[in-house]
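Each chain, written out:
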Amino acid sequence: MSFSPPQDDGTVSITFQGKTATLPVLSGASGNSVVDIRSLTKELGLFTFDPGLGSTAACESKITFIDGEKGILLYRGYPIEQLAAKSSFAEVAYLLLYGELPSKEEHEDFKERLLNHSLLHEQIRNFFNGYRRDAHPMAMLCGTVGGLSAFYPEGIDISNEESRDLSAVRLIAKMPTLAAWAYKYSRGEPFVYPRADYSYSENFINMLFARADRPYKVNPILSNALDRILILHADHEQNASTSTVRLTGSTGSHPFACVAAGIAALWGPAHGGANEAVLQMLGKIGSKENIPDFIAKVKDKNSNVRLMGFGHRVYKNFDPRAKIMQQTCYEVLEELGIKHDPLLELAIELEKYALNDDYFVQRKLYPNVDFYSGIIFKAMGIPKSMFTAFFAVARTVGWVSQWKEAFNDPLRRIYRPRQLYTGHQRRDLNK
Ligand code: SDX
């Protein structure tokens with residue numbers, strides 16, 4: 001896959017202290033054009049200043065497109081709504097990794113490859129034994145995935161596409177096993193192994209809930225719901241954890257270490273940890289009578305309280321994934337025979353209240369992907385501490401797809417931002 005140079009979209013000029021730099025404006029296939037500022041420092045001695053990088057395109061990519069104003073999300077051009085309704089996670093993983101939907105043979109071959117790499121080296125058990133039983137699953141994932149790089153020393157050879165592809169497939173294949181083993185370890189239950197007769201999501205559920213002492217049948221509604229949730233979480237252009245994986249990859253680090261860095265970034269409540277934080281927030285609110293007081297706290301800047309699962313750096317409209325998650329909520333609860341889920345009812349009341357409150361309307365704060373996911377996971381019997389681990393299993397596909405893509409980018413170079421220095425001038429030690 002070669003990178004076509006972006007189209008020329010005119011120029012912008014910046015004049016500073018009597019000198020003018022004329023900078024090219026580049027446009028891509030869709031979305032915002034970019035000002036190519038690479039010559040700015042040389043021509044005018046200036047850096048740009050963009051804390052949080054909200055106005056900075058750090059790379060060129062062909063994988064995922066988001067239109068935040070319209071609430072549009074495309075994976076390799078396909079709308080997320082269509083993929084969630086008609087595709088499988090394995091098929092979407094292939095699409096994100098290789099750029100096109102697989103043929104029937106390619107799909108079967110890819111599923112076979114994922115199965116062949118879904119086992120963990122038996123010594124990985126020792127990693128888990130080193131953790132306390134109450135260790136957070138994200139701590140266990142972060143440490144174990146990083147440590148797995150020691151089991152695949154050849155993965156450090158990122159110079160060839162075959163080695164990079166093998167590492168990508170290994171990571172996608174092993175994440176459900178790692179996440180399920182972290183859950184089993186926290187419960188003191190024996191580990192369950194992947195089975196060749198199960199799909200990716202069926203294996204994930206089976207490894208979580210099957211037990212040595214009784215037969216366990218995977219509920220197809222739950223495995224289908226999980227498969228859809230994994231699709232929704234698979235990639236999301238240059239979010240914090242994906243940018244972390246790209247940055248770590250830009251130094252030539254081991255791909256497993258790059259994904260461990262992505263897991264660390266995803267863990268935070270401002271990012272993938274929000275799904276766990278939403279459940280904690282709903283628990284604290286307790287009932288819909290308390291919503292007005294809670295929202296008043298959120299609007300009080302001194303409270304440091306945020307409406308978790310709401311707001312997004314890019315979406316200034318509904319996150320399309322949140323709508324599909326809400327729909328999936330109803331389906332899973334119905335299948336599980338849960339007529340009234342107080343948490344879901346509270347979340348819907350909270351969403352309604354916020355969407356009619358000027359504070360949120362003015363700031364274009366809408367529910368994001370994390371607002372409903374925790375409710376589904378809880379209904380499926382998954383503990384809060386595992387919610388972000390599920391997100392990490394799905395996002396591994398996006399992380400390794402974006403990591404791989406960077407190697408084909410002729411503009412690839414080590415990430416090394418600059419700063420606006422406001423510290424001391426040079427001073428001498430008075431000794
Ligand atoms: C994910 O980037 C991705 O694509 C991420 C993700 C992915 O798939 O990878 O989509 C997954 O991480 C979703 C986001 C999950 N996080 C949360 O739900 C946590 C709650 N949300 C916020 O903390 C916040 O909205 C962020 C972190 C998501 C976005 O932060 P920004 O873009 O830096 O927004 P901001 O902090 O500059 O907020 C702008 C204004 C501020 O008010 P003012 O200073 O203008 O008065 O909106 C307010 C903020 O205080 N605001 C909120 C709020 N989010 C923003 N106020 C209350 N509750 C919130 N949730």
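Residues numbered from 1 in each chain as written. Predicted model: local features only at pLDDT ≥ 70, side-chain atom pairs only at ≥ 80, totals over all residues. Heavy atoms only, no water.

### Brief notes about the packing of helix α12 (residues 274-285) against helix α18 (residues 387-406)
Okay, so step 1: Contact pair α12 / α18: the axes reach a minimum separation of 7 Å and the direction vectors enclose 155°. Between α12 and α18, the crossing angle belongs to the class labelled roughly antiparallel. Between α12 and α18 lies a crossing of right-handed hand. Only Phe387, Thr388 and Phe391 of α18 make contact with α12, whose side of the interface consists of Asn275, Glu276 and Leu279.
Okay, so step 2: Along the lines of polarity and charge, the residues of the contact of α12 with α18 split into 3 nonpolar, 2 polar and 1 charged. (Axes fitted to C-alpha atoms, helices over the stretch in contact; angles between N-to-C directions. Helix = DSSP H or I, 4+ residues; strand = E, 2+ residues; numbered from the N terminus. Parallel < 35°, antiparallel > 145°, perpendicular 65-115°, else oblique. Left-handed = near helix turned anticlockwise from the far one by under 90°. Contact = heavy atoms within 4.5 Å. Nonpolar A, V, L, I, M, F, W, Y, C, P; charged D, E, K, R; others polar.)

### Remarks on the site of the ligand
Okay, so step 1: In the region of the ligand, 24 residues are neighbours, and His236, His312, Arg313, Arg321 and Arg395 sit closest.
Okay, so step 2: The separation between a nitrogen atom of the ligand and a polar main-chain atom of Leu307 is 2.8 Å.
Okay, so step 3: Computed on the free molecule, the ligand has an accessible area of 1100 Å², of which 75% lies beneath the protein chains in the complex.
Okay, so step 4: Considering only residue class, the shell around the ligand consists of 10 nonpolar, 7 polar and 7 charged. (Near = heavy atom within 4 Å. Polar contact = N/O pair within 3.5 Å; in protein donor to acceptor, adjacent residues only side chain to side chain. Areas by Shrake-Rupley, 256 points an atom, 1.4 Å probe, with all protein chains shown as cover.)

### A word on the sheet that holds strand β4 (residues 64-67)
Okay, so step 1: Sheet architecture is open: 3 strands sit in the order β4-β5-β6, paired in antiparallel fashion. Edge strands, defined here as strands with exactly one partner in the open sheet, are β4 and β6 (78-79).
Okay, so step 2: When strand β5 (residues 72-75) meets β6, the two strands line up antiparallel, connected through 2 bridges. Paired with Tyr75 across the bridge in β6 is Tyr78. (Pairing = 2+ DSSP bridges.)

### As for the domain arrangement of the protein
Okay, so step 1: We note that the domain assignment places domain 1 (7-57) and domain 2 (82-412) within the protein.
Okay, so step 2: Distance from the C-alpha centre of domain 1 to the C-alpha centre of domain 2: 35 Å. (Domains from an automatic or database assignment.)

### Here we look at the UniProt feature "active site" (unreviewed entry) in the protein
Okay, so step 1: Taking the numbering used here, the UniProt-annotated feature "active site" (unreviewed entry) corresponds to His312 and Asp370. Separation in sequence by 59 residues is not matched in space for these annotated residues, since their most distant C-alpha atoms are only 10.5 Å apart.
Okay, so step 2: Position of His312 among the secondary structure elements: in the loop between α13 (291-299) and α14 (320-335).
Okay, so step 3: For His312, a relative accessible area of 24% translates into the label partly exposed.
Okay, so step 4: Non-local contacts of His312, meaning those with residues more than four positions away in its chain, are made with His236, Arg321 and Asn368. (UniProt positions renumbered as here; feature names shortened; annotations may be inferred. Buried < 20%, exposed > 50% of the residue type's maximum accessible area, 1.4 Å probe, protein only.)

### A short note on the side chain of Lys404
Okay, so step 1: Considering the arrangement of structural elements, one finds Lys404 in helix α18.
Okay, so step 2: Here Lys404 falls in the buried class, since its relative accessible area comes to 5%.
Okay, so step 3: When near neighbours in sequence (up to four residues on either side) are disregarded, Lys404 contacts Leu97, Tyr98, Glu161, Arg164, Asp165 and Ala168.

### Brief notes about unusual backbone geometry
Backbone geometry follows two general trends: most residues other than glycine have a negative phi, and most peptide bonds adopt the trans configuration.
Okay, so step 1: The phi torsion at Leu53 lies on the positive side, around 55°, for a residue other than glycine.
Okay, so step 2: Checked against the element boundaries, Leu53 lands in the loop between α1 (40-44) and β4.
Okay, so step 3: Even without a glycine there, the phi angle at Lys364 is positive, about 55°.
Okay, so step 4: Tracing the chain through its elements places Lys364 in the loop between α16 (358-362) and α17 (370-379).
Okay, so step 5: Owing to a relative accessible area of 37%, Lys364 belongs among the partly exposed residues under this scheme.

### A few points about the environment of Leu266
Okay, so step 1: Mapping Leu266 onto the fold places it in helix α11 (residues 255-267).
Okay, so step 2: On a C-alpha basis, the gap between Leu266 and Gly309 in space is 14 Å, while along the polypeptide they are 43 residues apart.
Okay, so step 3: Setting aside its immediate chain neighbours within four residues, Leu266 contacts Met138, Ser241, His271, Gly272, Gly273, Thr388, Phe391, Ala392 and Trp399.

### A short note on the pattern of salt bridges
For side chains of opposite charge, pairing can occur when their charged atoms come near one another.
Okay, so step 1: What the rule picks out here adds up to 22 salt bridges.
Okay, so step 2: Between Glu122 and Arg125 there is a salt bridge, with the nearest N and O atoms lying 2.7 Å from each other.
Okay, so step 3: According to the relative accessible area criterion, Glu122 is partly exposed, its value standing at 41%.
Okay, so step 4: Linked through salt bridges whose partners overlap, the residues forming this network are Arg113, Glu161, Arg164, Asp165 and Lys404. (Salt bridge = Lys/Arg side-chain N within 4 Å of Asp/Glu carboxyl O.)

### What about the pairing of β4?
Okay, so step 1: Bridge count for β4 against β5 is 4 bridges, and the pairing is antiparallel. Across the sheet, the residue bridging to Ile66 is Leu73, located in β5.
Okay, so step 2: What sits between β4 and β5 in their antiparallel hairpin is a turn of 4 residues, with Gly71 showing a positive phi close to 70°.

### Regarding a negative patch on the surface
Okay, so step 1: Together, Glu105, Glu106, Asp109 and Glu112 line one region of the surface with negative charge.
Okay, so step 2: For Asp109, a relative accessible area of 46% puts it in the partly exposed group. (Patch = residues over 30% accessible without salt bridge, like charges linked within 9 Å, V, L, I, M, F, W, Y side chains within 5 Å. Lys, Arg positive; Asp, Glu negative; His and termini not counted. Charge placed at Lys NZ, Arg CZ, Asp CG, Glu CD.)

### Focus: the packing of α12 against α17
In helix packing, the relevant descriptors are the interaxial angle and the interaxial distance, both defined with respect to the helix axes.
Okay, so step 1: The N-to-C vectors of α12 and α17 enclose an angle of 75°; their axes lie 8 Å apart at closest approach. One way to sum up the angle between α12 and α17 is to call them roughly perpendicular. Facing Ala274, Asn275, Val278, Leu279, Met281 and Leu282 of α12, the residues of α17 in contact are Asp370, Phe371, Ser373, Gly374, Ile375 and Lys378.
Okay, so step 2: When grouped by side-chain class, the residues that make up the contact of α12 with α17 number 7 nonpolar, 3 polar and 2 charged.

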